Every structure is written in structure tokens, then in C-alpha cells.
Amino acid sequence: MRKKILVTGSSGMVGGYLKKELSETNTDIWYANRANSGPAGLSDFYNQIVAFRPYAVIHLGAETNVDLCEKDPSLAYRSNVLLTSWISRACEAVNAKMVYVSSSSVFGKDEKFLYDELNSPHPVSVYAASKLKGEEAICTLCFKNFVIVRAGWMIGGGKEIDKKFVGSLIRQIKAGHSEIQAVSDKWGSITHAADLARLLVWSLSDEGFGLYHYACTGVVSRHSMAETVIEAFAATNRPSLRSLTSAHFPLAAPRPFSDAIESVRSSELPALLQPREWKSVLLNYVRELA
Ligand SMILES: NC(=O)c1ccc[n+]([C@@H]2O[C@H](COP(=O)([O-])OP(=O)(O)OC[C@H]3O[C@@H](n4cnc5c(N)ncnc54)[C@H](OP(=O)(O)O)[C@@H]3O)[C@@H](O)[C@H]2O)c1
């Protein structure tokens, strides 16, 4: 019998790549949209999941706007904690594997530079706290059968969908901006959403269990990313790059000094999923968009 998989958040950046990966597997997939899991209908959603009896749920659906979460903690709680908790309960009821994408931003308060799976998380923002509470709900409710993947600063989506930092840089370069400004006092790791999608599909196998960090090797700042994008994208008329501190870009949510991650579990992953070096991954992505 074909395995049944439920995916939430498939209209997002990671979801686009995941759909492509899953289309090459022998599975029946229910792509639940936001309407299925609206706050008013969480118990209905629970019943629908139990009736569907999936082999696994890949739960991507989340409120990912960090500043909006800071301004509206109830929204963050409903979208990132309550929804995750109800899905976890349903997984436990039908013995389905829960696969959840969390965030490197669960770290930061300790002011360390690089965090692995042995470090205890201490989030600095509401968004990050809500993602961590989502993790905790899974560990409590699905303790026998789950995968949690903490991803770094996500890149990907391609020309139309990329509304994140790299997409915005490319739009500025294309519009002929003579100067690009980027923050150089905050650090992190990048994860290509396509790599993550492949890892999520692998995590459905019996080999995948527990908590993983998944990001490219090396630590980046927005400034070093911008330098690479300019190098890859603008052959002529290169804009100048101005280094600024985060104080120049006041935002609703605090950002950690560093939420860069590495993994002590990489040796468990197959060769094709080994973390790649950040600069080549970013260069390749930007060249795809050129
Ligand atoms: N983007 C990053 O930098 C990053 C980094 C680390 C981890 N993550 C995690 O990776 C996962 C996927 O991220 P992404 O970048 O693909 O996100 P995204 O592009 O912002 O997409 C979010 C998805 O979640 C859905 N969604 C939002 N609120 C929802 C709700 N209350 N109930 C159900 N669905 C809801 C959205 O549906 P609509 O289309 O209806 O809005 C969309 O499909 C998320 O769990 C996120 O926390 C992201």
C-alpha cells in the first residue's frame, strides 16, 4: 500500500521544493492549506488527520514573520505552538511520524558564536520562543516518533518567490542601485531550502529520528552574503557595499548576535545530504537567478 503523507505550509518557500521532491516518491500526499488548520478549526483538523491516518506529517506551516510575531504574541502562539501541538496529538493518536522544521533562532541569548545539538536553546524573540515551544510540544506528545530539523537563514524560492534577503539584494542590483547596505554585526548560517526539502524526504525513512541541525558549513553575516551576491550577479556596474551595524535597521524583534549552527550528527546523513560550504551554495543560487 502507498504511504500517506500530510504536508502543511506547502505554499511557502520550503514547500515549493518539497512538492517537487515528494512528486518523485511513491506516496499519496494531502497538501493541507491554511484553511484546513485555521485557529477556529484545530479540533476539526485533528479529526481530519486521524481519519486520513498518515504515515507521516511534514509540518512546515508557521507564522514566519519575525517582527509580526513580536508585535502579536497571540498570533505567534496560535500559529506556531497551538497548531503544532494539535498536529502532534493527531500524530500520536495514529502513530504517525511528526517531521517539523524549526529554526536556528532558538539560540542567541548565550552570545556564543556557533551552536550544535548539544547546546541548550535560549531564544531572544517571540518568534524563536514560539518555534521552541513547538519543538517542546513534539518532544512531549510524539516522543517515540519524530524528527525536528533546525534550519538556518533560508535562501531559495527562485525569481518569483524569493522575498527574503537574497531576493531583495538582486532586485536592488537589477534596479541599478549604486550602493547596497548590509549589516555586519550579526551572524548566522544559511540553509538552501532545496537541500532542506531533500533532508525532509530522507527523514521519513527509519534512519531519521530526533533532533538535527541542518545548514551550510561556515558562518555568514548579511554583509558577507551581500558581498557574494554582488560578486556573482553584477559583472559590470557593481554597486558599492556599505557595512552597517544592526542599530541602523531598528526592527520590532531583537536578533541574536549569532544563531549560527553546526551539527554533531552530519556523519549519520547520506553523502548527498552532507552540508555544503555556504559560499558555493549561495553563488550557485544567485547564478540560477541571473
Ligand atoms: N524562512 C526562514 O528563514 C526559516 C528559517 C528557519 C526555519 N524556518 C521554518 O521553516 C518552515 C517553512 O518556512 P518557509 O520559509 O517555507 O515559510 P514561508 O515561505 O513563510 O511559508 C509559510 C507557510 O506556512 C503557512 N502558514 C502561515 N501561517 C499559518 C497558519 N497559522 N496555519 C497554517 N499554515 C500557516 C503559509 O500559508 P499561506 O500561504 O496561506 O500564508 C505558508 O504555506 C517554517 O516552519 C519556518 O518556521 C524558516
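As the structure is a prediction and not an experimental result, all values here were calculated from the model. (Residues numbered from 1 in each chain as written. Predicted model: local features only at pLDDT ≥ 70, side-chain atom pairs only at ≥ 80, totals over all residues.)

On to the overall build of the protein chain, then. Within the protein chain, the regular secondary structure consists of 10 helices and 12 strands. Scaling as 2.2 N^0.38, a compact globule of 290 residues should have a C-alpha radius of gyration of about 19 Å, and the protein chain matches this with 19 Å. A principal-axis box enclosing the C-alpha atoms of the protein chain has dimensions of 60 × 40 × 35 Å. Burial statistics for the protein chain: of 290 residues in total, 44% are counted as buried. Contacts in the protein chain between residues far apart in sequence, at least 24 positions, make up 83% of those at least 6 positions apart. (Helix = DSSP H or I, 4+ residues; strand = E, 2+ residues; numbered from the N terminus. Rg over C-alpha atoms; globule rule 2.2 N^0.38 Å. Buried ≥ 20, exposed ≤ 12 C-beta atoms within 10 Å, placed from the backbone. Contact = placed C-beta atoms within 7 Å.)

What follows concerns the site of the ligand. Around the ligand there are 22 residues in total, and Gly9, Gly12, Gly61, Ala62 and Met154 lie nearest to it. For the shell around the ligand, the elements supplying multiple residues, two or more each, are helix 1 (13-23), helix 4 (73-94), strand 4 (97-103) and strand 7 (153-155). By residue class, the composition of the shell around the ligand is nine nonpolar, 10 polar and three charged. (Near = placed C-beta within 6 Å. Nonpolar A, V, L, I, M, F, W, Y, C, P; charged D, E, K, R; others polar.)

Attention shifts here to the packing of helix 7 (residues 165-174) against helix 9 (residues 222-233). Between helix 7 and helix 9, whose axes approach to 10 Å, the crossing angle comes to 50°. With respect to their mutual orientation, helix 7 and helix 9 come out oblique. Classified by chirality, the crossing of helix 9 by helix 7 is right-handed. Facing helix 7, whose interface residues are Phe165, Val166, Leu169, Ile170 and Ile173, helix 9 presents Arg222, Met225, Ala226, Val229, Ile230 and Phe233. Residue composition of the contact of helix 7 with helix 9, by class: 10 nonpolar, no polar and one charged. (Axes fitted to C-alpha atoms, helices over the stretch in contact; angles between N-to-C directions. Parallel < 35°, antiparallel > 145°, perpendicular 65-115°, else oblique. Left-handed = near helix turned anticlockwise from the far one by under 90°.)

Turning our attention to the sheet that holds strand 6 (residues 146-151). An order of 2-1-3-4-6-10 is seen for the six strands of this open sheet, with the pairing classed as parallel. Of all the strands in the sheet, the pair left with one neighbour each is strand 2 (27-32) and strand 10 (210-214). The average undirected angle you get between the axes of adjacent strands in this sheet is 20°. Where strand 1 (residues 3-8) meets strand 3 (residues 56-59), four bridges bridge the pair, whose relative direction is parallel. When the sheet's bridge partners are listed, Val7 is paired in strand 3 with Ile58. Where helix 1 meets the sheet, it contacts strand 1, strand 2, strand 3 and strand 4, and its direction lies at approximately 165° from that of strand 1. (Pairing = 2+ DSSP bridges.)

Turning next to the environment of Gly167. Note on placement: Gly167 falls in helix 7. Of the residues examined, Gly167 has 20 C-beta atoms within 10 Å and is grouped as buried. Separated by 11 residues in the primary sequence, Gly167 and Gly156 place their C-alpha atoms 8.5 Å from one another.

Each pair of packed helices can be summarised by the angle the axes make with each other and by the distance between the axes. Close contact between helix 4 and helix 5 (residues 126-141) brings their axes to 9 Å; oriented N to C, the two are set at 15°. Classified by the interaxial angle, the pair formed by helix 4 and helix 5 is roughly parallel. In the packing of helix 4 onto helix 5, the handedness of the crossing is right-handed. Contact with helix 4, carried on its side by Pro73, Ala76, Tyr77, Asn80, Val81, Thr84, Ser85, Ser88, Arg89 and Glu92, involves Val126, Tyr127, Ser130, Lys131, Lys133, Gly134, Ala137, Ile138 and Leu141 of helix 5 and no other residues of that element. Residue composition of the contact of helix 4 with helix 5, grouped by class: nine nonpolar, six polar and four charged.

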